Amino acid sequence: MTGKTYDICIVGSGIAGALLAADATRQGRSVVMIEAGQRFPLTERLKLLRRYQNLGGLYFPWQYPGRDNYVDSSAESIGIGYQLERYRMKGVGGSTLHWGGRAQRLRPTDFRTASTYGVGLDWPLTYAELEPYYSAAEWEIGVSGSPHALQSPRSRDYPMAAFPFSIDDQMWVPVAERLGISLYPAPFAIATVPYKGRSSCMAYSACNMCPSGARYSADIHVAEAENTGRCELLTLTVARRIDVGPSGAVAAIHATTVDGKDLEFRAKNYAIAAHGVESARLLLLSNCGNHSDQVGRNFMEHPFIKAGGYLPSKRFYPSRVGFERLESMSYYDGAERHQRGAMKLEFEFAHDPLRDMESGHLWGEPLDRHDRERFGHWLDINVETEMQPNSDSRISLDPEEKDMFGDPAPHVHMAFNDIDHRTQRRALEIATDVLHAAGAQDIKPVGPGGLSFPAHNMGTCRMSDNPDIGVVDRNCRVHGISNLYVVGSSVYPTGGGCNPTLTIAALSLRLAEHLIQSSD
């Protein structure tokens, strides 16, 4: 690849890189994208769905021997391991290939938690500054939703109406009225009507793979960029080093294909959009941007706290009426947030009693009886909670584990602070109280302490106008390097309690505008 200089070199083809590439090529810029994973064409998804339903495991068989090694020591600090292989995906489209599709804005208070509540860290951006890009992102990826008083203010309506409450969702309406909880249908990047060549939802009830293409995935925008003739995409190619010249500008990015071919890429500007873990790892491997020992630190997730209970008086239809869409932000903000993080309630019905056979030591007739008695009678409250930035929660380079090229593998170490523990205890209390109000029996946490993770990797390259406490500035430019940017949830100073993908999309569109304007 020597001899050619592109306008933008992008590492990663998830939603951040894909939207950046699509917007840049529309404006006549030349782009090269470096993607460690492979393509998964839409036409193959039905076959992949059958494979998953028969064999289980990962939705997409994305792992490559030696390329994806990592070390995790999270159990030492939080009691359970962090299964990175389940919480990321390398492929054209990135993690949007296997996401559920929730597309939510952060709330205005999420950008000012330190000023408003005395916890966390303020973003250098305000919600008002990002709002136009939120609206653009919703129309770009096709979000169905319904405006609600507890959602963030908006300047433009959703491009599609929300999915209506299902017959199962409706059972919560009188319960919520008694408790004073406000409910709304969550916004999803799933088409309720045909949208930009995508099918409307066909109710496969397999949203994480969506054979119909109704649910957005970022390979759509990668293809759009390629179709302009101004974007070159290299798959199964791993970016390994960022070469910063004496002038303080990036001179090239060095990469290697999985079959061992070394490549060099040169561009006017470089954007690292390689996920919260791999973006930090690439900077660390390159000794780049770590002027204040912040690269890799403040690794955040959205700890899910889930409780469930048995409701013998009513039978539900899990996985037969599509996906759960009912949410509440009634506990998100307020005086309590001075002491704990934000939290959003999600209402689910999808627990399969057959999964209890291991934990309950059930087999044969007892398992059959348990399944017949419990199937369709289970309620879950899933509380998506905010995790505070914490320098001990981090991605680092492991001193022993190497990848297939001999480079240090990422070492994941998640850690909670006292506010996180308070948040999680309070979330379990709320979930239990709401289930009691619904008449549920045998209420208990689902999983160890009710804790699980939704694959929302945030932090590690956080945004701050102060280079002493951050990695990138308000325009996502790495401090001290004139033409290197990081975009994605890795730049989040705080994570709020809402799914991160739409904010990633908004930041990417904002960066695209910045790069195009600065080069004119």
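Here, every reference points to the structure presented above.
Small disclaimer: the values here were computed from a predicted structure and weren't measured. (Residues numbered from 1 in each chain as written. Predicted model: local features only at pLDDT ≥ 70, side-chain atom pairs only at ≥ 80, totals over all residues. Heavy atoms only, no water.)

A. Broad picture of unusual backbone geometry. Of note in this structure, A455 is not a glycine but carries a positive phi near 75°. Its place among the elements puts A455 in the loop between strand 18 (451-452) and strand 19 (484-486). Even without glycine at this site, C476 takes up a positive phi of about 70°. Locating C476 in the fold gives a position in the loop between strand 18 and strand 19. (Helix = DSSP H or I, 4+ residues; strand = E, 2+ residues; numbered from the N terminus.)

B. Representation of the packing of helix 6 (residues 127-141) against helix 13 (residues 501-519) in the model. At a minimum axis separation of 8 Å, helix 6 and helix 13 run at an interaxial angle of 105°. Classified by the angle their axes make, helix 6 and helix 13 are roughly perpendicular. Side by side, helix 6 and helix 13 meet where L130, Y133, Y134, A136, A137, E138 and I141 of the first sit next to L502, T503, A505, A506, L507, L509, R510 and E513 of the second. Partitioned by chemical class, the residues of the contact of helix 6 with helix 13 number 11 nonpolar, 1 polar and 3 charged. (Axes fitted to C-alpha atoms, helices over the stretch in contact; angles between N-to-C directions. Parallel < 35°, antiparallel > 145°, perpendicular 65-115°, else oblique. Contact = heavy atoms within 4.5 Å. Nonpolar A, V, L, I, M, F, W, Y, C, P; charged D, E, K, R; others polar.)

C. Seen up close, a nonpolar patch on the surface. Residues L46, M202 and Y204 make up a contiguous nonpolar surface patch of about 280 Å² in total accessible area. Following the sequence through the fold, M202 ends up in the loop between strand 6 (184-185) and helix 8 (219-227). (Patch = residues over 30% accessible without salt bridge, like charges linked within 9 Å, V, L, I, M, F, W, Y side chains within 5 Å. Areas by Shrake-Rupley, 256 points an atom, 1.4 Å probe, with all protein chains shown as cover. Salt bridge = Lys/Arg side-chain N within 4 Å of Asp/Glu carboxyl O.)

D. Representation of the sheet that holds strand 3 (residues 71-72). Sheet architecture is open: 3 strands sit in the order 3-16-15, paired in mixed fashion. The open sheet is flanked by strand 3 and strand 15 (394-402), the only strands paired with a single partner. In this sheet, strand 16 (residues 408-413) lies alongside strand 15 in antiparallel orientation, the contact comprising 5 bridges. Among the inter-strand pairings, I395 is bridged to a residue of strand 16, identified as V412. (Pairing = 2+ DSSP bridges.)

E. Local environment of the side chain of S393. Its place among the elements puts S393 in the loop between strand 14 (378-385) and strand 15. Judged by relative accessible area, S393 falls into the buried class, the value being 0%. From its side chain, S393 meets the backbone nitrogen of A415 in a polar contact 3.3 Å long. Sequence-distant contacts of S393, that is, excluding residues within four places in its chain, are made with G296, R297, N298, F299, M387, H413, M414 and A415. (Buried < 20%, exposed > 50% of the residue type's maximum accessible area, 1.4 Å probe, protein only. Polar contact = N/O pair within 3.5 Å; in protein donor to acceptor, adjacent residues only side chain to side chain.)

F. Main features of the packing of aromatic side chains. Applying the stated criterion across every chain, the model contains 12 aromatic pairs. Between Y82 and F299 the ring centres are 5.8 Å apart and the planes differ by 90°, which places this aromatic pair in the edge-to-face class. Of this pair, Y82 sits in the loop between helix 3 (75-78) and helix 4 (84-87) while F299 sits in the loop between helix 9 (275-285) and strand 11 (304-310), and the two are 217 residues apart along the sequence. You'll find Y82 and F299 in the same group, each marked buried. Between the aromatic rings of F111 and W123, the centroid separation amounts to 4.8 Å while the plane-to-plane angle is 55°, which identifies the pairing as tilted. Within this pair, whereas F111 is found in the loop between helix 4 and helix 5 (113-117), its partner W123 is found in the loop between helix 5 and helix 6, the two being separated by 12 residues in sequence. In terms of burial, F111 and W123 fall into one category: buried. An aromatic cluster is present here, built from F111, W123, Y127, Y134 and Y492 joined pairwise through their rings. Directly above the aromatic system of Y310 lies the positively charged group of R374, at a separation of 4.1 Å from the ring centroid. (Phe/Tyr/Trp six-rings, centres within 6.5 Å; stacked < 30°, edge-to-face > 60°. Lys NZ or Arg CZ within 6 Å of the ring centre and 35° of its normal.)

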